[in-house]
Amino acid sequence: MELKPKLIITFCLFWGCTSNPFWEDQPTNRLNISGTVTLENRVTDVPVHVWIEDLSISGQTGANDEFSIDIPDLETDGGSLSGAVRVFYYVHNYRAHHSVLNITDGKFSSVQTDFDEGGRLLEPVILERLASFDVIADDSWDRSLGDSLRVTLEIRTEYQDVSIMSNVKNIPHDYIPSGVLFYLSSQEEVYFDQNNIDYLMQYDLESFSTVAWTYTIAPNDLTAPPGDYYVRPFFIIRQDEIPEDLIVGLGIAELETISGDHLNLPIDLIEKTISIE
């Protein structure tokens, strides 16, 4: 029982009794990265998703295309993190890009190529657009009349070839629809027709080309109640260099499965609205 007061006296002598080492929170080595990421020829104000590999920390750009992400203490019971981590910048229809952040003993290294020692990007990042998309459909659809709804997705590729996966099935001169999403927001229920949802095909489009995919939806194919909806066909742009964990971090468990999770993908696309009766 005499050990406790002796230890307290020893600590008081060491600390000068100006603070209490037992009750004060010790400072953490919180770090921060920041920078500017812009989209080439953007048509909407969609934010850029910023994701730090290995740390599974993410954020997004805000005003003036700026991002700022706090990184928790990188010191653990097993030691401090050291090495190079990649910082990815992602919008679905733009070429993903990454910068390298060097870390030494849980702190930003003095040797950097893309960031300064304070974690600021040395140069703004500009993402190149892979393709632009337009969704075309009538402004209203009265299912009681028995007419089908036609939704057209116009695709225009840019400087490079693009591979796009979708549940459209190419039959001479026409497409069988599948997976056209109707939604109010990504947080509410999402409706889609159930035709051929297992038929996922990859289409390889050449640079500077234009194609149009037309989806025809019968009145009985959609169970959505009457109301105003956004409408978007389901499609995936292949970018094999993107880590799977980045997609999982967006809340998408299966990228190639049609669901409302698909709406979590940030995309530079003007949303089409339709009134359904």
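Refer to the structure presented above.
Please read these numbers as outputs of a predicted model, since none were measured by experiment. Per chain, residues are indexed from 1 in the order of the written sequence. The predicted nature of this model means local features are confined to residues of pLDDT at least 70 and side-chain atom pairs, given and counted, to a pLDDT of 80 or more, with totals for whole chains, interfaces and linings taken over all residues. Calculation of side-chain values draws on the structure's entire complement of heavy atoms; hydrogens and water are dropped beforehand.

## With respect to the sheet that holds strand S1 (residues 31-39)
If you trace the 3 strands from one edge of the open sheet to the other, you get S4-S1-S10, paired in mixed fashion. Bordering the open sheet on either side are strand S4 (66-71) and strand S10 (125-127), each of which pairs with just one other strand. In this sheet, adjacent strand axes meet at a mean angle of 35 degrees when their direction is disregarded. Looking at chain direction, S1 and S4 are connected through 6 bridges and run antiparallel. When the bridges of S4 are listed, leucine 31 appears paired with isoleucine 71. Two strands pair under a simple rule: DSSP has to find at least two bridges between them. Secondary structure follows DSSP: runs of H or I at least 4 residues long count as helices, runs of E at least 2 residues long count as strands, and numbering of each begins at the N terminus. Helix axes are fitted to C-alpha atoms over the stretch in contact, other axes to C-alpha atoms as well, and angles between N-to-C directions run from 0 to 180 degrees.

## So, the sheet that holds strand S19 (residues 201-205)
Backbone hydrogen bonds hold the strands of a sheet together, and the pairing may be parallel or antiparallel. The strand order across the open sheet formed by 3 strands is S19-S14-S22, and the pairing between neighbours is antiparallel. The open sheet has two edge strands, S19 and strand S22 (235-237), and neither has a second partner. Strand-to-strand, the axes of this sheet are offset by a mean angle of 25 degrees, without reference to chain direction. In this sheet, S22 lies alongside strand S14 (residues 162-166) in antiparallel orientation, the contact comprising 3 bridges. Looking at the pairing, isoleucine 164 lines up with isoleucine 237 of S22.

## Focus: the pattern of salt bridges
Criterion for a salt bridge: a side-chain nitrogen of Lys or Arg within 4 Å of a carboxyl oxygen of Asp or Glu. Counted by the stated rule, this structure contains 9 salt bridges. Notably, a salt bridge pairs arginine 156 with aspartate 134, separated by 2.7 Å at the nearest N-O pair. Remark: aspartate 134 occurs in strand S11 (residues 131-136) and arginine 156 occurs in strand S13 (residues 149-157); sequence separation between them is 22 residues. Arginine 156 gets classed as partly exposed once you look at its relative accessible area, which sits at 27%. Here's how the labels work: a residue is buried when its accessible area is under 20% of the maximum for its type, exposed when over 50%, partly exposed in between, all with a 1.4 Å probe on protein chains only. Aspartate 134 gets classed as partly exposed once you look at its relative accessible area, which sits at 28%. The residue arginine 156 makes a salt bridge to glutamate 154 at a minimum N-O spacing of 3.7 Å. Accessibility expressed as a relative area gives 26% for glutamate 154, which makes it partly exposed.

## Regarding the nonpolar core
Among buried residues, those of type Ala, Val, Leu, Ile, Met, Phe, Trp, Tyr and Cys that are joined through side-chain atoms within 4.5 Å constitute a nonpolar core. Formed by 30 residues in total, the largest nonpolar core has its most connected members in Phe133, Val151, Ile164 and Phe182. The biggest single contributor to this core is S13, with 4 residues. Contacts are assigned to residue pairs with any non-hydrogen atoms lying within 4.5 Å of each other. Not counting the four nearest positions on each side in its chain, isoleucine 164 is found in contact with Phe133, Ile155, Met201, Gln202, Tyr203, Leu205, Trp213, Phe235, Ile236 and Ile237. By size, the runner-up hydrophobic cluster in this structure holds 25 residues, among which are Ile33, Val46, Val85 and Tyr89.

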